[in-house]
Amino acid sequence: QVQLVESGGGLVQAGGSLRLSCAASGRTFSNYAMGWFRQAPGKEREFVAGISRSGGSTAYTDSVKGRISISRDNGKNTVYLHMTSLKIEDTAVYYCAASPGVFAPMKRSEYDYWGQGTQVTVSS
């Protein structure tokens, strides 16, 4: 089992920045690729960003490229989502997830463990 706990969400004005953290415990963190997903009201949960086990490979959905980046610290068992130039449409609950693959998949079904989510609200 892997337990994931997200933090760092909150209310921010458009154009602002936030850093989300996801702390993992349980099994060896570096054995999992990690992903961040988000779910806005009335919408399906969507892939935002992913990072490979080593941190050497990342992937992003097109709508966040250039504004949001993912990183991980395997020594601290933590993955981060650095969000800048936030837009109102970034408002959602953000979830981190762990996949046993080497590289982070974009499909929700390929992730075995999920956190409880953290709310990000971007205001005008």
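Right above here is the structure, for reference.
Note that the structure is predicted; figures quoted are calculated from it, not measured. (Residues numbered from 1 in each chain as written. Predicted model: local features only at pLDDT ≥ 70, side-chain atom pairs only at ≥ 80, totals over all residues. Heavy atoms only, no water.)

Caption draft 1: Representation of the sheet that holds strand β8 (residues 78–83). The strand order β1-β3-β8-β7 describes an open sheet built from four strands, whose pairing is antiparallel. Each having just a single partner strand, β1 (2–7) and β7 (68–73) make up the two edges of the open sheet. On average, each strand axis in the sheet is tilted by 15 degrees relative to the strand beside it, whichever way the strands run. Strand direction decides the pairing type here: β7 and β8, joined by six bridges, are antiparallel. What sits directly across from Asp73, in β8, is Thr78. (Pairing = 2+ DSSP bridges. Helix = DSSP H or I, 4+ residues; strand = E, 2+ residues; numbered from the N terminus. Axes fitted to C-alpha atoms, helices over the stretch in contact; angles between N-to-C directions.)

Caption draft 2: Structural context of the nonpolar core. Counting 30 residues, the largest nonpolar core has Leu4, Met34, Trp36, Leu81, Met83 and Tyr94 as its most contacted members. Looking at this core, the elements with two or more residues in it are β1, β3 (18–26), β4 (33–39), β5 (46–51), β7, β8, β9 (92–99) and β11 (118–123). Excluding its chain neighbours within four sequence positions, the residues that come into contact with Leu4 are Cys22, Ala23, Ala24, Met34, Cys96, Ala97, Ala98, Tyr113, Trp114, Gly115 and Gln116. (Core = buried A, V, L, I, M, F, W, Y, C linked by side-chain atoms within 4.5 Å. Buried < 20%, exposed > 50% of the residue type's maximum accessible area, 1.4 Å probe, protein only. Contact = heavy atoms within 4.5 Å.)

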